[in-house]
Amino acid sequence: MEKKWWQKEVIYQIYPKSFYDSNNDGIGDIKGITQKLDYLQSLGITMIWICPIYQSPMADNGYDISDYYQLNPEFGDMKDLEELIDRAKEKGD
């Protein structure tokens with residue numbers, strides 16, 4: 001039986017708020033995840049699962065999304081997310 005793509009991955013779930021704070025404001029952020037991609041790869045991780053980063057009042061740790069088109073500013077902006085995605089894709093090549 002051939003394995004499906006998700007059966008071949010080593011997935012690591014990241015809660016951004018507590019993962020890595022790249023700008024020393026006390027809150028983990030998208031740039032922090034990007035900065036740790038080499039480390040994650042060295043652990044054998046092949047895929048990351050990021051908990052909610054969309055705009056939210058944070059009454060439910062980000063799962064109470066108020067706008068699916070905007071990132072929560074405390075995590076960064078779309079440019080930061082695009083950089084993370086591009087750098088993560090490079091790791092998979």
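Look up: the structure comes first, before these words.
None of the values given here were measured: they were computed from a predicted structure. In this numbering scheme, every chain counts its residues from 1 along its sequence in written order. In view of the model being predicted, local features appear only for residues whose pLDDT reaches at least 70, and side-chain atom pairs are presented and counted only at 80 or more, with totals across whole chains, interfaces and linings using the full set of residues. Note that the side-chain values use all heavy atoms of the structure and ignore hydrogens as well as water.

## Considering the side chain of D21
For clarity, the threshold we go by: Think of it this way: any DSSP run of H or I at least four residues long counts as a helix, any run of E at least two long counts as a strand, and we number them from the N terminus. Exposure is judged per residue with a 1.4 Å probe applied to protein chains only, and the accessible area is read against the type maximum: over 50% gives exposed, under 20% gives buried, and values in between give partly exposed. Charged residues are defined narrowly, with Lys and Arg counted positive, Asp and Glu counted negative, and His plus the chain ends left uncounted. We count a salt bridge whenever a side-chain nitrogen from Lys or Arg sits within 4 Å of a carboxyl oxygen from Asp or Glu. Counted as a polar contact is a pair of N or O atoms within 3.5 Å, where, for protein atoms, one must be capable of donating a hydrogen and the other of accepting one, and residues adjacent in sequence contribute only when both atoms are in side chains. Whether two residues touch is decided by their heavy atoms; if any such pair falls within 4.5 Å, the residues are in contact.
With respect to the element layout, D21 can be found in the loop between β1 (11-14) and α1 (30-35). The buried charged residue D21 lacks any salt bridge, with K31 as its nearest oppositely charged partner at 11 Å. A polar contact is formed between the side chain of D21 and the backbone nitrogen of D25, at a distance of 3.0 Å. Only 2.6 Å separates the side chain of D21 from the backbone nitrogen of G26, close enough to count as a polar contact. Apart from residues no more than four positions distant in its own chain, D21 is found in contact with G26, I27, G28 and D29.

## Brief notes about the side chain of D80
Among the secondary structure elements, D80 is positioned in helix α3 (residues 78-92). On the basis of relative accessibility, which here comes to 11%, the residue D80 falls in the buried class. Residue contacts for D80: discarding those within four places in its chain leaves I30, K31 and T34.

## Here's the deal with the packing of aromatic side chains
Rules: Two rings belonging to Phe, Tyr or Trp (six-membered ring only in the last case) form a pair when the distance between their centres is within 6.5 Å. Interplanar angles under 30 degrees mark stacking, angles over 60 mark edge-to-face geometry, and anything in between is tilted.
With the rule as written, the count across this model stands at three aromatic pairs. Taken together, a centroid distance of 6.5 Å and an interplanar angle of 65° make the contact between Y12 and F19 edge-to-face. Classification of Y12 by relative accessible area gives partly exposed; the value is 34%. Where Y54 meets Y68, the ring centres are 5.8 Å apart and the plane angle is 50°; that geometry is what we call tilted. In this pair, Y54 is assigned in strand β3 (residues 54-55) and Y68 in strand β4 (residues 67-71), connecting sequence segments 14 residues apart. For Y54, a relative accessible area of 32% corresponds to the partly exposed category.

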